[in-house]
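# Fold and contact review
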Amino acid sequence: MQENIEKHIKVSIVIPVYNPGERIHRTIHSLQEQTMREIEFISVLDCPTDGSDKILDAIAAKDSRFRVICNEMNLGVAESRNRGLQVAKGQWVGFVDDDDYIDAPDYFEKMYALGCLHQADVVVSDCYMETNDSVELISFAERTDTYQHLQSILYSVHSRLCTFALARSIWHSLYRREMLQGINARFYDRKTHLEEDTLFNVQVYTHTSHFIHLPEAHYHWDLTNQRNEKNYQSTNDLCAFRRYYFVVKELVQSSQLLSPSKKNELLSACMTNYFYEKYCLIRDIPMGRVESCFGNDLCRLSPLKLYKTYFQTAREMLGQSVMILKFLLYVIKLKGYRMINKNSF
């Protein structure tokens, strides 16, 4: 019976585990409750020190759907996910964070059935975002094509804009494993690159337009009591963004699904939104250093387009309209330094 299940695994779920504390019980319980039998839960133990390894070993001894992989050293969430991807056997692959949980026992059955019905490469659902103050429903905005979805991923102005945060996240999705293998998709180490989730999704959506939306929310994204471990935090260094930007640039420019004009617009979005998001970080960096990092790609900065696109949303957020104006002045100063034609404004 066990051999038959292994040969016909429908879904593989990868869970990187590093010191989730007591919340690991809630996470694992929500997975144990899943009614799908042809599923495997791959727990990648990233050298936890809180006893979660013992909990997962005990679960795996009782529930054959659970597998445990142990990193010999702390690798971080990106490499832990990559290890899970390497051993996954399912037709579809998904990801769950070790402090999140699912509130419906048929969640993965619904996601799997919808993906198969529409012969999709990706299935995306809505989710709940939990903070210390509230539980908020985040709906995945419907997109009609690859460009619109990539635009949502890269137009991530601020982490408080939840629909954008959802667009670039991975844990509310199932990915067809054959598709991931075909494009050699992997996670970039967040110790050296920004936004490992975003980069993974850019890899996916620059190569496929076949995605489908499940308009239901059952995944709970837990932002309470956020951890501060070094290996689980992205770097904000300007050079890290340079690495991130040129990965995005390579992926976008290699896409067969996008026109040259759409590619340029996406790269402009990537460049502009980073400089807006990180304005407080980079405003004291010498112009020469910024220029040496990005060269002619600074021409992609589009301050007025950013302003027009996001003012309606930003003015609902306390102080953000002022930040946009400050950002515009910064970019104008930057572009003045680059001696860009004034008509570009």
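Predicted model only: the values in this text are computed from it and were never measured. (Residues numbered from 1 in each chain as written. Predicted model: local features only at pLDDT ≥ 70, side-chain atom pairs only at ≥ 80, totals over all residues. Heavy atoms only, no water.)

Once that is clear, we can look at the nonpolar core. Counting residues in hydrophobic clusters, the biggest one holds 45 residues, and the most contacted among them are F95, L154, Y175, L180 and F200. Of all the elements, helix α10 (residues 238-254) adds the most residues to this core, at eight residues. Core analysis: the next-biggest nonpolar cluster, separate from the first, contains 32 residues, V11, Y107, C127 and W221 among them. (Core = buried A, V, L, I, M, F, W, Y, C linked by side-chain atoms within 4.5 Å. Buried < 20%, exposed > 50% of the residue type's maximum accessible area, 1.4 Å probe, protein only. Helix = DSSP H or I, 4+ residues; strand = E, 2+ residues; numbered from the N terminus.)

What follows is about the pairing of strand β3 (residues 66-70). Here five bridges tie strand β2 (residues 39-45) to β3, and the two strands are oriented parallel to one another. Within β3, the residue paired with L45 across the bridge is C70. In terms of handedness, the path from β2 via helix α3 (residues 52-62) over to β3 forms a crossover that is right-handed. (Pairing = 2+ DSSP bridges. Right-handed = clockwise from strand over helix to strand, strands pointing away.)

Turning to α3, its buried residues number three or more, namely S52, L56 and I59. End-on view of α3: buried residues confined to an arc of 60 degrees, all on one side of the axis. The exposed residues of α3 that point more than 90 degrees off its buried face are K54, A61 and K62. On its buried side, α3 packs onto β1 (11-17), α2 (23-32), β2 and β3. (Arc of directions from axis to C-beta. Contact = heavy atoms within 4.5 Å.)

Estimates place the volume of the second largest pocket at around 220 Å³. Lining of the second largest pocket is provided by N82, L85, Q86, R177, L180, Q181, N184, A185 and R186. Elements with a minimum of two residues in the lining of the second largest pocket: α4 (77-87) and α8 (177-182). When grouped by side-chain class, the residues that make up the lining of the second largest pocket number three nonpolar, four polar and two charged. (1 Å grid on protein atoms, 1.4 Å probe; cavity = no way out; pocket = protein on both sides within 12 Å on 5 of 7 lines; lining within 4 Å. Points joined across faces, edges and corners; volume = space filled by probe spheres on them. Nonpolar A, V, L, I, M, F, W, Y, C, P; charged D, E, K, R; others polar.)

Another point: the pairing of β1. Burial of β1 is extensive: seven of the seven residues sit out of reach of the surface. Burial along β1 is two-sided: V11, I13, I15 and V17 facing one way and S12, V14 and P16 facing the other are all buried. Sheet topology places β1 next to β2; seven bridges connect them, and they run parallel. Each residue of the ladder has a partner; that of V17, found in β2, is L45. In this sheet, strand β4 (residues 92-95) lies alongside β1 in parallel orientation, the contact comprising four bridges.

In this fold, D63 is placed in the loop between α3 and β3. What makes D63 buried here is its relative accessible area of 13%.

With that settled, consider the pattern of salt bridges. One pass over the structure, following the stated rule, counts twelve salt bridges. Close ionic contact of E196 with R81 constitutes a salt bridge, the shortest N to O distance being 3.3 Å. Highlighted residues: E196 in helix α9 (residues 196-205) and R81 in helix α4, separated in sequence by 115 residues. Comparing E196 with R81, the two get one shared label, buried. Of the charged contacts in the structure, one is a salt bridge between D121 and R176, with a shortest N-O distance of 2.5 Å. Taken together, the positions of D121 in the loop between α5 (107-117) and β6 (122-130) and R176 in strand β8 (residues 173-176) put the pair 55 residues apart, joining distant regions of the chain. Under the relative-accessibility criterion, D121 is labelled buried at 7%. Each member of the salt-bridge network shares a partner with another, and the members are R81, D97, E196 and D197. (Salt bridge = Lys/Arg side-chain N within 4 Å of Asp/Glu carboxyl O.)

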